[in-house]
Structure formats: C-alpha cells, structure tokens
Amino acid sequence: MESDPVNVNEFQELARKILPKMNYDFFSRGAEDEYTLRENIQAFQRIMFRPRVLVDVSKIDMSTSLLGFKMTAPIMVAPTGLLQLAHPEGEVAVARAAAACNTLMVLSFSSNCTIEDVASSCDAIRFYQLYIYKQRDVCVKLVKRAERNGFKAIVLTVDTPRLGRREADMKNKFVIPKLSNLEGLLSVEIEPKGGSLEAFASATLSDSLNWKDIEWLRSITNLPILVKGILTAEDARKAVEAGVAGIIVSNHGARQLDYVPASISALEEVVRAVSGAVPIIVDGGFRRGTDIFKALALGANAVMIGRPVIYGLAAKGEYGVRQVIKMLQNELELTMALSGCPSLKDITRSHVQTENDRLRSML
Ligand SMILES: Cc1cc2nc3c(=O)[nH]c(=O)nc-3n(C[C@H](O)[C@H](O)[C@H](O)COP(=O)(O)O)c2cc1C
Ligand SMILES: CCCCCCC(=O)C(=O)O
C-alpha cells in the first residue's frame, strides 16, 4: 500500500499516475521551451533565509484579510480551468475545500462547473476570473452572473491576448471540452466542439485588450477589480493609475510567454513601484511553506496556488485539495516559527537574502 503524501510534490506524482497523459500534460506543462516553468520552481532555491532566534513563537498567527475578506492564512486558490479533467466534481470540490480551509478561491472563466453550481455548493468567499472577450457583451453577462451569485471581486487576466504555445497540448491533440458557463453566450460557430485550445482562444479572446478596458470594466461593475498577469514596475504603476483594487504578479504558471522571469523574481520591483497603494498577490511555482514565506518577506500580501490544488483534486477529490491547502498552511506556520516570526507583520525584507542582495554585498 502506498503511503500518504507528505508534501504537495508527492500529490503531483499521484496525479501523474492517475490521470490520462493528455490531461496530466494539460495541467502540468508550460509554454515552448518551458524555461519559465522550471524557473518558477528554481528561483525559490536561490533565496535564502535570515532567521531570528530567541523569539517567543509559542503562538503563531497567520490570519489575514484581503479587500476586507478574512483568511486563516495568506494562501489562496488560483483560477485554473477545466477541472473536471482532473476529477468529476471539478470546481465544486475545490470551492468546498477552500471554504473548509477558510480561504479565498478564484473561479476560472473556463470552469467546467457553472458559476451557479459553484456558488450554491458552499458559502466560500469567491472571486471571479474574467478575460476580455472579442464579444464584450459576453463579459457583461458573465460579470452580472458573478455579481448575482455573490462573487466578491473580478480578477481580470491580462496576459492572454493570445494563447501561449503549449507544445505538449499540440502533440497530444488536446481538445477543449464543453465550457458550461459560456453555453449560449457565444455564436454557435465558436462554441467549443472538439477543436484545439488555441483555435478556441483566438476565436474568443480579445487581442485588442488594452488599459482602456479596465476603465470599461469599472463602468459595468462596482465589484473591486484585480489585474492578474503583471510582471513589471511600469505596468504595476499603470494598473494603480487605472484604479485597480489589487495586483496579481503572475506569469500564468509559465503557460503564456516563455523566458519571462519567475513570478517570485518579478515580485520585488512590483512591490516597490506600488509602495502599498493596493494589495499584491503573487502566484507561480509555490510548492512549500518556505516559498510562501519568501514571497511575504519580499512584500506580497498573499500567494495563490495553481497546480498543487489540481493535483490534490486529481488524487483525492475535495479531501485531497483540503490536504494540499492544509499542508501549505502548516508548512508556512512552521517556517514562521523557525524564522522567529509569530505573526505576518513580523515577516520583513531582512528575513530573506536574494541573489541580488548577495551580488550587491560583493560590490
Ligand atoms: C491547468 C491550468 C489552467 C489555468 N487556467 C487559468 C485560467 O483559466 N485563468 C487564469 O487567469 N489563469 C489560469 N491558469 C494560471 C493560474 O491561475 C496560475 O497563474 C498558475 O497556475 C500559478 O502557477 P502554479 O500552477 O505553479 O501554482 C491556469 C493554470 C493551469 C496550470
Ligand atoms: C480560452 C482558452 C482556455 C484556456 C483554458 C485555461 C488555460 O489553460 C489557461 O488559462 O492556461
């Protein structure tokens, strides 16, 4: 009998064994040479700790809030699409697990379960992830449905004017399944019906998307808007000027433009540019509590987890997702204790040493 996974990487191995290769590749692989995919993991290995000792860590408080919504720990669930390819309960199971772990979930526009099914499955706090579609009325309808169903914010993904080149999906002849949320919204010729992701994306997603669309989105909803997919100080400043409520530093799990830096490497320049004007969330490659601590030390308010949640779902359904989130919460708690940080506000920039710090100290 196989032993239970003791870390989230072991869930990936379970998922690999369970899932058909086409589905596992869709979830796990990245764009082109997958340089950024590897870098999203490896960049964490170049950040070292500077722990403090002789601090009373008998009580550790990881609790925090984002836009006024409370969480047990600054670890959220990232939007990932097509989750019934991992488990029949798909996004509903993930929502229930997020609620059980007292955290926030961002529901992907490309969910298999409908907005309504996810909303009625539990009373989790949820944000809704949106793309700007060629047919702007599709955005309006989806945003209104999210509002009606109690979603608390819109996460606008801005790094996908076109789909990245995912060569594993091309080789596998990956076919996009039905997207229940979009049923009846798109013209019949572009409903997903056995075509490639790329063909569907180029028929639906707007490649004229630009900063004015944020203004437009603000004109159709009063929900707070977060932008997902920012990697530079320049864009971070523009996003703040555009009135966003939060910034998500993300390279889309290395599925879009290859050879962009790991999200953790881009985080600090965004943090400096924003200087506290809005909360900053980061995702990409978080697999350990130590990774999460590093992002908090570099100035993130919270992190989001993508693939590990999918691997937990594939391996053990809702229970597996809960295990994954709890493992990361427990590992973060231990890292805080061993670094001498009883609460999140005790985590400072001086608790980590980056490659840049080491280079600067040699000058
Ligand atoms: C299978 C899969 C599907 C995804 N679907 C979406 C999506 O629909 N919308 C979106 O904004 N990001 C999507 N992402 C990107 C994630 O939100 C997130 O940025 C990324 O997965 C974080 O990296 P990680 O998987 O290493 O944790 C997807 C990622 C994966 C792996
Ligand atoms: C419009 C294309 C759907 C892509 C499905 C989600 C995904 O793979 C990603 O965003 O990455």
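Residues numbered from 1 in each chain as written. Chains lettered and ligands numbered in written order. Predicted model: local features only at pLDDT ≥ 70, side-chain atom pairs only at ≥ 80, totals over all residues. Heavy atoms only, no water.

## Regarding the pattern of salt bridges
Once the charged atoms of two side chains with opposite charge are near each other, the side chains can pair.
Part 1 of the argument: Taken as a whole and judged by the stated rule, the model has 18 salt bridges.
Part 2 of the argument: We note a salt bridge from aspartate 213 to arginine 136, for which the minimum N-O separation is 3.1 Å. Taken together, the residues span a long stretch of sequence, with aspartate 213 in helix H9 (residues 211–220) and arginine 136 in helix H6 (residues 136–148) at a distance of 77 residues.
Part 3 of the argument: Here arginine 360 ties to aspartate 357 by a salt bridge, and the two come within 3.5 Å at their closest N and O atoms. With arginine 360 and aspartate 357 both in helix H14 (residues 355–362), this residue pair falls three residues apart, about one helical turn.
Part 4 of the argument: On the accessibility criterion, arginine 360 (48% relative accessible area) is partly exposed.
Part 5 of the argument: Of the residues examined, aspartate 357 reaches a relative accessible area of 16% and is grouped as buried. (Salt bridge = Lys/Arg side-chain N within 4 Å of Asp/Glu carboxyl O. Helix = DSSP H or I, 4+ residues; strand = E, 2+ residues; numbered from the N terminus. Buried < 20%, exposed > 50% of the residue type's maximum accessible area, 1.4 Å probe, protein only.)

## Some points on the site of ligand 1
Part 1 of the argument: Around ligand 1, 23 residues are found, and the nearest of them are Pro79, Ser108, Thr157, Asp283 and Arg287.
Part 2 of the argument: Within the contact set of ligand 1, a nitrogen atom lies 3.0 Å away from a side-chain nitrogen or oxygen of glutamine 129.
Part 3 of the argument: Taken by itself ligand 1 offers 600 Å² of open surface, and the protein chains cover 98% of this.
Part 4 of the argument: Only helix H2 (21–28) and helix H13 (307–339) provide two or more residues apiece to the shell around ligand 1.
Part 5 of the argument: Within the shell around ligand 1, the residues separate by chemical class into six nonpolar, 12 polar and five charged. (Near = heavy atom within 4 Å. Polar contact = N/O pair within 3.5 Å; in protein donor to acceptor, adjacent residues only side chain to side chain. Areas by Shrake-Rupley, 256 points an atom, 1.4 Å probe, with all protein chains shown as cover. Nonpolar A, V, L, I, M, F, W, Y, C, P; charged D, E, K, R; others polar.)

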